[in-house]
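Chain and residue survey
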Amino acid sequence: MKRYGFLLFLIIFLIVSCWNTGHLFYQQQLQKWEQEVEDYYSNLSVIPMVIFSEKAAGLKALKKTIINEEYIHSIEIETNTEVVEKLIEKYHLQEAELLKEKYSLPHVMTIFFDTSAFDAASKQRITQLILAMDENADINYNENLWQEIRGKTADLKNKIHFLQQILLPIQIGISLLFILFITFLWVNFANKNNSYWHVFRKAGGNPKLRNIKFYSLLTMLTLLPVLLNLVLNFWAIEQGYITNLLPLKWFVWEAIAIMISGLLARSIIGEKF
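Residues numbered from 1 in each chain as written. Predicted model: local features only at pLDDT ≥ 70, side-chain atom pairs only at ≥ 80, totals over all residues. Heavy atoms only, no water.

Packing of helix α6 (residues 143–191) against helix α9 (residues 248–269) leaves a shortest axis separation of 8 Å and a crossing angle of 40 degrees. Overall, the two elements α6 and α9 adopt an arrangement that is oblique. For the element pair α6 and α9, the recorded crossing hand is right-handed. Between α6 and α9, the residues in contact are Leu 167, Leu 168, Gln 171, Ile 172, Ser 175, Phe 178, Ile 179, Ile 182, Thr 183, Trp 186, Val 187 and Ala 190 and Trp 250, Trp 253, Ala 257, Ile 258, Ile 260, Ser 261, Gly 262, Leu 264, Ala 265, Ile 268 and Ile 269, respectively. (Axes fitted to C-alpha atoms, helices over the stretch in contact; angles between N-to-C directions. Helix = DSSP H or I, 4+ residues; strand = E, 2+ residues; numbered from the N terminus. Parallel < 35°, antiparallel > 145°, perpendicular 65-115°, else oblique. Left-handed = near helix turned anticlockwise from the far one by under 90°. Contact = heavy atoms within 4.5 Å.)

Residues Leu 8, Ile 12, Phe 178, Ile 182, Trp 186, Leu 221 and Ile 258 are the most contacted members of the largest nonpolar core, which totals 30 residues. Those elements that place two or more of their residues in this core are α1 (2–45), α6, α8 (209–239) and α9. For Ile 12, the residues in contact, after removing those within four places along its chain, are Phe 178, Ile 182, Leu 221, Pro 225 and Ile 258. In terms of nonpolar packing, the next biggest core, distinct from the first, is built from 21 residues, Ile 111, Phe 118, Met 133 and Ile 149 among them. (Core = buried A, V, L, I, M, F, W, Y, C linked by side-chain atoms within 4.5 Å. Buried < 20%, exposed > 50% of the residue type's maximum accessible area, 1.4 Å probe, protein only.)

Moving on: the pattern of salt bridges. On inspection of all chains with the given rule, the structure shows 3 salt bridges. Linking Lys 123 and Glu 143 is a salt bridge whose minimum nitrogen-to-oxygen distance equals 2.7 Å. Of the two residues, Lys 123 sits in helix α5 (residues 120–133) while Glu 143 sits in helix α6, which places them 20 residues apart along the sequence. Glu 148 is the partner of Lys 152 in a salt bridge, and the nearest nitrogen-oxygen pair spans 3.0 Å. Of this pair, Lys 152 and Glu 148 are both found in helix α6, 4 residues apart, which corresponds to roughly one turn of the helix. With relative accessibility at 42%, the residue Glu 148 sits in the partly exposed group. (Salt bridge = Lys/Arg side-chain N within 4 Å of Asp/Glu carboxyl O.)

Structure follows, in structure tokens:
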């Protein structure tokens, strides 16, 4: 009987270990794609939209209109006077007054986006607002890079969404196969001991002892394989093989599946106990 109990423990431990390995691969792939999306957004967030306009008041009004939009990170406005002063300072131009008289520079608005929220609809809306403010405004933005990154992040988001959608069905499917397989083994091992327990009761043994041993084994098989896998998970993090602990809910899920297997086996065996 002890041999069957150890064999059942070993099988459950190996299956739970493989199950958790699958969880780890799933989690690492999900994190990899999410990090790639963040990296693309980081590259795009440093590229602003720059608007040149003759209407300083219009730019200030536009800033008030859009500053609280979720896709706006920050907005800077420089008047033409400030632009001239910067040019003079940067290039050490001495004839500042002559530059101001000779050139009529526009005012400049620089918009930095929260690129995770800046989609095509947002871009269209802000372009319409700019042109409504000044139809002659000059809008400068790296359209090619934006389109390229939008395409790449859209593909990655679709992959992430697909992974997230299939997780629960796969988890349920694995759980059902696990429960059926362990239940089959448990019933098979238990039936091999029927003659022993029959003789034991005929000889005056405690008729409740088999139940007691069964539930003791069920408790051990529910807790020990899962706890050992949890310890292995912590050890793998300490050794640097993985970066994150598996969600505790998966360990709980596995423990519940083992318990269901045991209770189902007990129900099938029925009066033989």
